[in-house]
Amino acid sequence: MAEKSKRTEVEDVDRSLYDFVKSEEGYERYADGLTPDIVRSISAKKDEPQWMLDMRLKALEIYQDKQMAPNWGPSIAGLDMDHISTYVSPKTKQAKDWNDVPADIKDTFERLGIPEAERESLAGVGAQYDSEIVYHNMREEVAKQGVVYTTIEDALHDPKWEPVVHEYFGTLIPPTDHKFAALHYAVWSGGSFVYVPKDVHLDYPLQSYFRLNAQGAGQFEHTLIIVEPGADLHFIEGCSAPKYYEANLHAGAVELFVKDHARLRYSTIENWSKNMYNLNTKRATVGADSKMEWVSGSFGSHVSYLYPTTILKGDRASCEYTGITFSGATQDLDTGCKFILLGKDTNVSADAKSISKDGGVNTFRSSVYVGKDAQNARATVSCSSLMLDDISRSDTIPQMDIRNNTAQVGHEATIGRISDDTVLYLMSRGCSEAEARTMVVNGFADPVSKELPLEYAVEMNNLIKIEMEGAIG
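Residues numbered from 1 in each chain as written. Predicted model: local features only at pLDDT ≥ 70, side-chain atom pairs only at ≥ 80, totals over all residues. Heavy atoms only, no water.

Trainee: Help me out: how do you make sense of the overall build of the protein chain in this one?
Mentor: Of regular secondary structure, the protein chain possesses 13 helices and 25 strands. Among the 473 residues that make up the protein chain, the fraction classed as buried is 61%. Restricting to contacts in the protein chain with at least 6 residues of sequence separation, those with at least 24 account for 83%. (Helix = DSSP H or I, 4+ residues; strand = E, 2+ residues; numbered from the N terminus. Buried < 20%, exposed > 50% of the residue type's maximum accessible area, 1.4 Å probe, protein only. Contact = heavy atoms within 4.5 Å.)

Trainee: In this structure, what is going on with the packing of helix α3 (residues 36-45) against helix α4 (residues 50-65)? I would like to understand it.
Mentor: For any two helices packed against each other, the geometry comes down to the angle between their axes and how far apart the axes lie. The interhelical angle for the contact between α3 and α4, taken along N-to-C directions, is 155°, at an axis separation of 10 Å. By the criterion of interaxial angle, the relationship of α3 to α4 is roughly antiparallel. The element α3 and its partner α4 pack so that their crossing is right-handed. Contact with α3, carried on its side by P36, V39, R40, I42 and S43, involves L53, R56, L57 and L60 of α4 and no other residues of that element. Tallied by class, residues from the contact of α3 with α4 come to six nonpolar, one polar and two charged. (Axes fitted to C-alpha atoms, helices over the stretch in contact; angles between N-to-C directions. Parallel < 35°, antiparallel > 145°, perpendicular 65-115°, else oblique. Left-handed = near helix turned anticlockwise from the far one by under 90°. Nonpolar A, V, L, I, M, F, W, Y, C, P; charged D, E, K, R; others polar.)

Trainee: Could you clarify how one ought to interpret the nonpolar core in this entry?
Mentor: Generally speaking, soluble globular proteins have nonpolar side chains that are buried together. With 54 residues, the main nonpolar core has F169, L183, F193 and L249 as its most contacted residues. Setting aside chain neighbours within four positions, we find F169 in contact with W51, M52, M55, I152, Y185, W188, H222, L224 and E255. Within the second largest apolar cluster, 43 residues are counted, among which are V200, A262, F339 and A407. (Core = buried A, V, L, I, M, F, W, Y, C linked by side-chain atoms within 4.5 Å.)

Trainee: Any chance you could explain the pairing of strand β12 (residues 253-258) here in plain terms?
Mentor: A regular strand places its side chains so that they alternate between the two faces of the sheet. The buried fraction of β12 is high, at six of six residues. Across the two faces of β12 the burial is the same, with A253, E255 and F257 and V254, L256 and V258 all buried. Inspection of the sheet shows strand β9 (residues 222-227) paired to β12 by six bridges, in the parallel sense. Across the sheet, residue V227 finds its bridge partner in β12, namely V258. When β12 meets strand β15 (residues 281-286), the two strands line up parallel, connected through six bridges. Each residue of the ladder has a partner; that of F257, found in β15, is T285. (Pairing = 2+ DSSP bridges.)

Trainee: Help me understand the pattern of salt bridges, please; the structure alone is not making it clear to me.
Mentor: Note that side chains of opposite charge can pair when their charged atoms are close. Scanning the model with the defined rule gives 18 salt bridges in all. A salt bridge links R316 to D289, with the nearest nitrogen and oxygen atoms 2.7 Å apart. One end of the pair, R316, is in the loop between β18 (309-312) and β19 (318-327); the other, D289, is in the loop between β15 and β16 (291-298), with 27 residues separating them in the sequence. The exposure class assigned to R316 is partly exposed, which follows from its relative accessible area of 43%. With its nearest N and O atoms 3.1 Å apart, the salt bridge here joins E320 to K291. Here K291 lies in strand β16 and E320 lies in strand β19, a separation of 29 residues in the sequence. Looking at K291, the relative accessible area reads 25%, which means it is partly exposed. One connected set of salt bridges, linked through shared partners, spans D232, R263, R265, K291, E293 and E320. (Salt bridge = Lys/Arg side-chain N within 4 Å of Asp/Glu carboxyl O.)

Trainee: Please explain the state of the cysteines as it appears in this structure.
Mentor: Note: disulfide means a covalent bond formed between the sulfur atoms of two cysteine side chains. Inspection of the entire model under this criterion finds zero disulfides. With no disulfide of its own, C319 has C337 as its nearest cysteine by sulfur position, at a separation of 7.8 Å. (Disulfide = S-S within 2.5 Å.)

Trainee: How do you make sense of the environment of G323 when you look at a structure like this?
Mentor: Within the secondary structure, G323 sits in strand β19. Exposure remark for G323: the relative accessible area of 3% places this residue in the buried category. Sequence spacing of G323 and W294 is 29 residues, and the spatial spacing of their C-alpha atoms is 7.7 Å. In this structure, G323 is in contact with S296, D351, A352, K353 and V448, ignoring residues within four places of it in sequence.

Trainee: Would you take a moment to explain the environment of D332 for this structure?
Mentor: Looking at the secondary structure, you find D332 in strand β20 (residues 332-341). When its relative accessible area of 22% is taken as the criterion, D332 is described as partly exposed. Remark: the alpha-carbon pair of D332 and V303, spanning 29 residues in sequence, is separated by 5.0 Å. Setting aside residues no more than four positions away along its own chain, D332 makes contact with P74, H302, V303, S304 and V361.

Trainee: Teacher, can you tell me more about unusual backbone geometry here?
Mentor: Trans peptide bonds make up most of the peptide bonds, and negative phi angles are found at most residues other than glycine. We note that R316 has phi near 65°; this positive angle belongs to a residue other than glycine. You will see that T330, though not glycine, has its phi angle at about 70°, which is positive. Its location among the elements puts T330 in the loop between β19 and β20. Given a relative accessible area of 53%, T330 falls into the exposed group.

Trainee: Would you mind going over the packing of aromatic side chains with me for this structure?
Mentor: How two aromatic rings sit relative to each other is set out by the distance from centre to centre and by the angle between their planes. With the rule as written, the count across this model stands at twelve aromatic pairs. Each ring, one from W72 and one from Y307, has its centre 6.3 Å from the other, and the planes form 50°; the classification is tilted. Residue W72 is located in the loop between α4 and β2 (88-89), and its partner Y307 is located in the loop between β17 (303-306) and β18; the two are separated by 235 residues in the primary sequence. In this structure W72 comes out as partly exposed when scored by relative accessible area, which is 46%. Residue Y307 is classed as buried on the basis of its relative accessible area, which comes to 12%. Ring centres of F235 and Y266 lie 5.5 Å apart, and the angle between their planes is 20°; this geometry places the pair in the stacked category. (Phe/Tyr/Trp six-rings, centres within 6.5 Å; stacked < 30°, edge-to-face > 60°.)

Trainee: Sorry if this is basic, but what is going on with α4 here?
Mentor: For an α-helix, the turn length of 3.6 residues means that residues three or four places apart are oriented alike. With 16 residues, α4 should cover 22 Å at 1.5 Å per step; its first-to-last C-alpha distance of 23 Å lies within 8% of that length. Of the residues making up α4, those classed as buried are W51, M52, L53, M55, R56, L57, A59, L60, I62 and Y63. Looking at the buried side of α4, the elements it contacts are α3, α8 (152-156), α9 (162-168) and α10 (179-187). (Expected span 1.5 Å × (residues − 1).)

Trainee: Mind showing me how you'd approach the environment of M81 here?
Mentor: Position of M81 relative to the elements: it lies in the loop between α4 and β2. Put simply, M81 and G33 are 48 residues apart on the chain and 5.5 Å apart in space, counted from C-alpha to C-alpha. Beyond its immediate sequence surroundings of up to four residues, M81 is in contact with G33, Y63, T86, L183 and L249.

Trainee: How do you make sense of the side chain of S366 when you look at a structure like this?
Mentor: Position of S366 among the secondary structure elements: in strand β22 (residues 361-370). Classification of S366 by relative accessible area gives buried; the value is 5%. Once you skip the residues sitting within four places of it in the chain, S366 turns out to touch C337, V381, I397, P398, Q399 and H411.

In structure tokens, the structure reads:
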């Protein structure tokens, strides 16, 4: 009877790995809401150049003028910016030695496995806690190759890199893109600046991990990555937050510049808490004979709007998107990908999977635009959905805009349930019903997990196991 209760009661699931909360005592926290004074205070705290302050204030004007939300996706009516603090910071300086990180923050990241991952599989790591980076380090041999991996704040104070940030920052995702892009540029804080020199190939990934601990707050990190011609980089992004009973907001931005003959893989495992509004924006531009790869696992948030966008400007540029989204009770996750094919002989493919249970809603949107000069462009989009009960929902909404008659564009979508025969077969081999269903879901998610480094594939499988504990009813 106890085993049956464990399988059927969602509240019995142990999420302590992610849901623990640390005290905010002694933290610096700006007033809720958004005003020019708050924007100026953030900029002054960071001692920014005048152009950055000007950009923030202009973005604030854009934010105030734009409508609150689109009318085609999940509701964000529960998000009240008057009750969101846009800046919360522990009173600690950024550390390069793990032993110098304050004990409570260090405990948080140790419980999430960051130091171990750094030692075993990473070329460099950055850890952000609420609004600020608290730890940043990179292997010496990587630095000797000329790779730069630092915070944007530090890059802005470096005479060599400030002009580079100025040249690229906000050009791929402009503040005018949508309301929450404007909000991001008004109050952004933290994130990463990565520069990989020409022909440099990193043997190990770089990683940034974002932890939002504060209640009723937002996180607005900015990631700016430049991969020069012939270079190769794998960048990993991890995110988590504890569960609260009031809204939190994540409105980060990721701008990726992949030059000619280069490659970038950007992997993400998101496990935001289910009170989070995840309104993140990610965009990449890809040069000739280059490749962009997205690997995405989304397991959290109350509402998500997330569509990594790739602009294939160069001839023979290519992109692969592999993603999985898991939605449970109270979750409405609107995710997908966008491709803009402008160069000749460009090629894109997307393999997206979603899992819904306990009334969760998954919507997959894909957008393929083929420009008039994109001769022989190729695009294939595949979406598979697995629903674990009769009260969940999954929708697929493709959009195609083809301006060149030599293009070949295809879209396919499938929706299914876990076969009773499969479950019975696995149970006949000694599995419990819960174990059998979890095995099927893991197999369904395998195309994503096999694209991740071992440590992160294990984390993703653990998240599936946690979610599946309450999936039998």
